[in-house]
Amino acid sequence: QVQVVESGGGVVQPGDSLRLTCVISGRAVSEYTVAWFRQAPGKGREFVQAISFNGGRLSQPDSVAGRFFTSKNNDKNEVYLQMNSLRPENTAVYQCALRDEAYVGPSSLPDAYKYWGQGTQVTVSS
């Protein structure tokens, strides 16, 4: 059984940093691509970043480029989203998603991912 569980969200002030963790069981992140998406209130799901089974990454959206970074630990089977210089517009539920096919690279499309976590709330407010 595949499980995807995010953690690390919280309430922070503008300019703060936060690191989200995605723990995956049932699949090895060394074999499967993982992505981060977010959904702000009243908006659609937005791609944030993806990290391939081999460590490759997609170009980030302009909204997070240079501030958000994805990494992983294959031994722990965890994927991380480091978020720096947070802004109020970064407030959203952040979800981790896992592809169903092994050794397939990243995609920015939600439909490319089969397994999703419940998400972790990130609120940026002064």
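Draft legend 1. Broad picture of the pairing of strand 4 (residues 34–39). Counting buried positions along strand 4 gives five out of six residues, so the element sits mostly inside the fold. The sheet contact formed by strand 4 and strand 5 (residues 45–51) spans six bridges and is antiparallel. Residue alanine 35 lies in a different strand from strand 5, and its bridge partner there is alanine 50. Linking strand 4 to strand 5, which pair antiparallel, is a turn of five residues; within it glycine 42 sits at a positive phi near 75°. As paired strands, strand 4 and strand 8 (residues 92–98) are joined by six bridges and run antiparallel to one another. Following the sheet pairing, glutamine 39 is matched in strand 8 by valine 93.

Draft legend 2. A look at the environment of tyrosine 32. Relative to the helices and strands, tyrosine 32 resides in the loop between strand 3 (18–25) and strand 4. Note on tyrosine 32: relative accessible area 11%, which makes it buried. Put simply, tyrosine 32 and aspartate 100 are 68 residues apart on the chain and 7.4 Å apart in space, counted from C-alpha to C-alpha. Those residues in contact with tyrosine 32 that lie beyond four places of it in its chain are Arg27, Phe53, Leu98, Arg99, Asp100, Glu101 and Ala102.

Draft legend 3. Local environment of the packing of aromatic side chains. Enumeration according to the criterion identifies four aromatic pairs in this entry. Relative to phenylalanine 47, the ring of phenylalanine 37 lies with its centre 5.7 Å away and its plane at 70°, an arrangement referred to as edge-to-face. Within this pair, whereas phenylalanine 37 is found in strand 4, its partner phenylalanine 47 is found in strand 5, the two being separated by 10 residues in sequence. On the accessibility criterion, phenylalanine 37 (1% relative accessible area) is buried. Residue phenylalanine 47 is classed as buried on the basis of its relative accessible area of 10%.

Rules of the game
Residues numbered from 1 in each chain as written. Predicted model: local features only at pLDDT ≥ 70, side-chain atom pairs only at ≥ 80, totals over all residues. Heavy atoms only, no water. Buried < 20%, exposed > 50% of the residue type's maximum accessible area, 1.4 Å probe, protein only. Helix = DSSP H or I, 4+ residues; strand = E, 2+ residues; numbered from the N terminus. Pairing = 2+ DSSP bridges. Contact = heavy atoms within 4.5 Å. Phe/Tyr/Trp six-rings, centres within 6.5 Å; stacked < 30°, edge-to-face > 60°.

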